[in-house]
Amino acid sequence: MNITESLKQVLNELPEGVRLVAVSKFHPNEAIEEAYRAGQRVFGESKVQEMTAKYESLPKDIEWHFIGHLQTNKIKYIVPYVALIHGIDSYKLLAEVDKQAGKVGRTVNCLLQLHIAREETKFGFSFDECREMLASGEWKLFQNIRICGLMGMATNTDNAEQIKTEFCSLRNFFREVKDKWFSESEAFKELSMGMSHDYREAIATGSTLIRVGSKIFGDRNY
Ligand SMILES: *Cc1c(COP(=O)(O)O)cnc(C)c1O
């Protein structure tokens, strides 16, 4: 299947209220252009330099989502244009995004990343760390960021039950955080979960943003 066909296949499976982030990392502009011609406007990248080069050379109505691990010294390169940062996993990072966004006069949309997988390698707050960060209240003083929801990655496994359990734990945590801290916020509504191998489970458990790469663009060579 080509990119257009695979893209349409994924889009056809999306219920109302679920959006696709087409993860184009490590794929060339030509691949993105094909998806763009098929109507896709939201793309996800995980490297600052790569995303910025693509932003500069591709149509300006593309929404660029940063889904990787963000280093504080690189925030300044993406704040002028990024549509959503999925991977905020510390108070320090949030504070730095706020600072850099202020310098360019933008309000930058962010998701808090939670660690829900069994693997130790994945980034993210634990539920308790996130509760503590929110309870401190300091984030409320930030003027240049908007917290739009939560993001998580399930364990890389074929065990669908395990994946569902992890996604459910994130969905329940989303409800807790929404009720406790964001009940007045219209912006806090996104639950970013689901990749090529588990987006169906993610949708079934309440995802609003799926991040699908290889299923659309093919295998990455890295
Ligand atoms: C690479 C990546 C994806 C997409 O993974 P696929 O398996 O290619 O769909 C989704 N989310 C994050 C955070 C990623 O780094």
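Small disclaimer: the values here were computed from a predicted structure and weren't measured.

On to the site of the ligand. Val23, Lys25, Ile67, Met151, Met153, Met195, Ser196, Arg211, Val212, Gly213, Ser214 and Arg220 make up every residue found near the ligand. Within the side chain of Arg220, a nitrogen or oxygen atom sits 2.7 Å from an oxygen atom of the ligand. Starting from 390 Å² of accessible surface for the ligand in isolation, the protein chains cover 90%. The set of elements that each furnish at least two residues to the shell around the ligand consists of strand E6 (145-153) and strand E8 (209-212). Residues of the shell around the ligand, tallied by class, amount to six nonpolar, three polar and three charged.

Helix H7 (residues 160-181) packs onto helix H6 (residues 127-136) with a crossing angle of 10° between their chain directions and a minimal axis gap of 12 Å. Looking at the two axes, H6 sits roughly parallel to H7. Residues Phe127, Cys130, Arg131, Leu134 and Ala135 of H6 form the contact with H7, whose participating residues are Ser169, Leu170, Phe173, Glu176, Val177 and Trp181.

What follows covers the side chain of Glu201. You can see Glu201 is positioned in helix H8 (residues 199-204). For Glu201, which is buried and forms no salt bridge, the nearest opposite charge comes from Lys164, at a distance of 6.0 Å. Each residue touching Glu201, except ones within four places of it in the same chain, is listed here: Ala160, Ile163, Lys164 and Phe167.

Moving on: the pattern of salt bridges. Throughout the structure, instances matching the rule amount to ten salt bridges. For Glu190, the salt bridge identified is with Arg19, shortest N-O distance 3.3 Å. Of this pair, Glu190 sits in strand E7 (residues 190-192) while Arg19 is found in strand E1 (residues 19-23), placing the two residues 171 residues apart along the sequence. Judged by relative accessible area, Arg19 falls into the partly exposed class, the value being 33%.

Buried within helix H1 (residues 3-12) we find Ile3, Ser6, Leu7 and Val10. An end-on view of H1 places all buried positions within 100° of arc, on one side of the element. In this structure, the buried side of H1 is in contact with E1, helix H2 (29-37), H8, E8 and helix H9 (214-217). Between the side-chain oxygen of the N-cap and the backbone nitrogen of Thr4 there are 3.2 Å, and the N-cap of H1 in question is Asn2.

Turning to H2, a few remarks are in order. Burial in H2 covers these residues: Ala31, Ile32, Ala35 and Tyr36. The arc that holds every buried residue of H2, seen down its axis, measures 140°, which confines them to one face. Across from the buried face of H2, at angles greater than 90 degrees, the exposed residues are Glu30 and Arg37. Where the residues of H2 are buried, they touch H1, strand E2 (42-45), helix H3 (48-57), strand E3 (63-66) and H9.

Formed by 62 residues in total, the largest nonpolar core has its most connected members in Val97 and Leu112. In terms of residues, this core owes the most to one element, H7, which gives six residues. Non-local contacts of Val97, meaning those with residues more than four positions away in its chain, are made with Leu70, Ile75, Val79, Ile85, Ile88, Val108, Cys110 and Ile145. Ranked by size, the runner-up nonpolar core spans seven residues in total, among them Val42, Leu84, Leu111 and Cys148.

As annotated in UniProt, the feature "modified residue: N6-(pyridoxal phosphate)lysine" (unreviewed entry) corresponds to Lys25 in the numbering used here. Along the polypeptide, Lys25 turns up in the loop between E1 and H2. Relative accessible area serves as the criterion here: at 17%, Lys25 is assigned to the buried category. Here Lys25 is in contact with Gly44, Glu45, Ser46, Glu50, Lys54 and Arg220, once residues within four sequence places are set aside.

Rules of the game
Residues numbered from 1 in each chain as written. Predicted model: local features only at pLDDT ≥ 70, side-chain atom pairs only at ≥ 80, totals over all residues. Heavy atoms only, no water. Near = heavy atom within 4 Å. Polar contact = N/O pair within 3.5 Å; in protein donor to acceptor, adjacent residues only side chain to side chain. Areas by Shrake-Rupley, 256 points an atom, 1.4 Å probe, with all protein chains shown as cover. Helix = DSSP H or I, 4+ residues; strand = E, 2+ residues; numbered from the N terminus. Nonpolar A, V, L, I, M, F, W, Y, C, P; charged D, E, K, R; others polar. Axes fitted to C-alpha atoms, helices over the stretch in contact; angles between N-to-C directions. Parallel < 35°, antiparallel > 145°, perpendicular 65-115°, else oblique. Contact = heavy atoms within 4.5 Å. Buried < 20%, exposed > 50% of the residue type's maximum accessible area, 1.4 Å probe, protein only. Lys, Arg positive; Asp, Glu negative; His and termini not counted. Salt bridge = Lys/Arg side-chain N within 4 Å of Asp/Glu carboxyl O. Arc of directions from axis to C-beta. Core = buried A, V, L, I, M, F, W, Y, C linked by side-chain atoms within 4.5 Å. UniProt positions renumbered as here; feature names shortened; annotations may be inferred.

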